[in-house]
Amino acid sequence: MEINDFCRTPVWYPVLAGHTFLTTFVKLHDNEIKALANGETEGKNVEDVINRMRLPMNSIPGNCFVSVDTVSPTDTERFKGKRGAVFSPESAWKFLAKSQKVRDAAGAGLVEYVCIRPFRRMNQTREFRLFIYNGKLSAMSQYWLIRHFRRLEGIKKNLWKKGESFFEKIAWALPVKNLVMDIYLTSDGDILVIDINPWGKPTDPLLLRTWDRNWDQETGIMLMPPPWKISGDVNVSF
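Quick caveat: nothing in here was measured; it's all calculated off a predicted structure.

Quick notes on the pattern of salt bridges
Taken as a whole and assessed by the stated rule, the structure comprises nine salt bridges. For Glu112, the salt bridge identified is with Arg8, shortest N-O distance 3.0 Å. With Glu112 in the loop between helix H7 (100–107) and strand S3 (113–118) and Arg8 in the loop between helix H1 (3–6) and helix H2 (9–16), the pair connects residues that are 104 residues apart, well separated along the chain. The exposure class assigned to Arg8 is buried, which follows from its relative accessible area of 16%. Note that Arg129 and Asp182 form a salt bridge whose closest N and O atoms lie 2.6 Å from each other.

Focus on helix H6 (residues 89–98)
For the α-helix, the turn length of 3.6 residues means that residues three or four positions removed from each other point alike. The element H6 is largely enclosed, with a buried count of seven among its ten residues. Taken together, the buried positions of H6 are occupied by Pro89, Ser91, Ala92, Trp93, Phe95, Leu96 and Ala97. Against the buried residues of H6 lie helix H3 (30–37), helix H4 (44–58), strand S2 (64–68), helix H5 (77–82), H7 and S3.

So, the packing of aromatic side chains
Applying the stated criterion to the full structure yields ten aromatic pairs. Judged by centre distance (5.4 Å) and plane angle (80°), the rings of Tyr143 and Trp144 are edge-to-face. Residue classification places Tyr143 among the partly exposed residues on the basis of a relative accessible area of 25%. With relative accessibility at 21%, the residue Trp144 sits in the partly exposed group. Seen in terms of ring centroids, Trp199 and Trp211 are 4.8 Å apart; in terms of plane orientation they differ by 65°. Their pairing is edge-to-face. Of this pair, Trp199 sits in the loop between strand S7 (191–197) and strand S8 (220–222) while Trp211 is found in the loop between S7 and S8, placing the two residues twelve residues apart along the sequence.

Quick look at the sheet that holds S2
Pairing within the open sheet is antiparallel, and its three strands lie in the order S1-S3-S2. Only two strands of the sheet have a single neighbouring strand rather than two, namely strand S1 (24–27) and S2. Strand-to-strand, the axes of this sheet are offset by a mean angle of 25°, without reference to chain direction. Across five bridges, the pairing between S2 and S3 is antiparallel. Looking at S3, one finds that Ser67 is bridged to Cys115. Packed on one face of the sheet, H4 meets S1, S2 and S3 and runs near 165° to S1.

How each quantity is defined
Residues numbered from 1 in each chain as written. Predicted model: local features only at pLDDT ≥ 70, side-chain atom pairs only at ≥ 80, totals over all residues. Heavy atoms only, no water. Salt bridge = Lys/Arg side-chain N within 4 Å of Asp/Glu carboxyl O. Helix = DSSP H or I, 4+ residues; strand = E, 2+ residues; numbered from the N terminus. Buried < 20%, exposed > 50% of the residue type's maximum accessible area, 1.4 Å probe, protein only. Contact = heavy atoms within 4.5 Å. Phe/Tyr/Trp six-rings, centres within 6.5 Å; stacked < 30°, edge-to-face > 60°. Pairing = 2+ DSSP bridges. Axes fitted to C-alpha atoms, helices over the stretch in contact; angles between N-to-C directions.

Pasting the structure below:
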């Protein structure tokens, strides 16, 4: 199996369903995929897919998070303001169609399904990226590089052990040896898979900085360092 195939949510979900959010998939007709690629928000094609999305969305109490096979609409105002939470199928389709990432994926033939799962407001300190190379966990990075979280330093070793333990539990089921996995550590101590990404560019190596490194050597966990503090006499000239 090619890694890019496994990165599609409808492909990896059956493998990792016991370690991720309950997800429903709505198959798209070719003309609906074209409508999505064109950013259409009304018309017969749009009405048809919205009607098929209604039942799975209505079965979820509260808000939903909606994506397509390989991308989520993280480049929309909806995501920036509400982390992508949507309630109605009309709203869900609208923000998929507004996403340039989603439209590009649909236009490139990378979309077959709309993926629907319950919306969960996640704590940014609990999101991490795992780097799996040659079938082994090579490194783990803080996902949100917005600032240093001091409380993570105190549990750094424990976080790495959790990552190792989780990978050992699922390694047997993974059909590819090199991949990047985004995870969420719940307050109950569980780990949920958020997404699977292809190895190398364009996937962001985050705090690992570059893909040009010895991945066979275990790096462990990388966290944002504390800010520098400058003391003494400081002269700055322009």
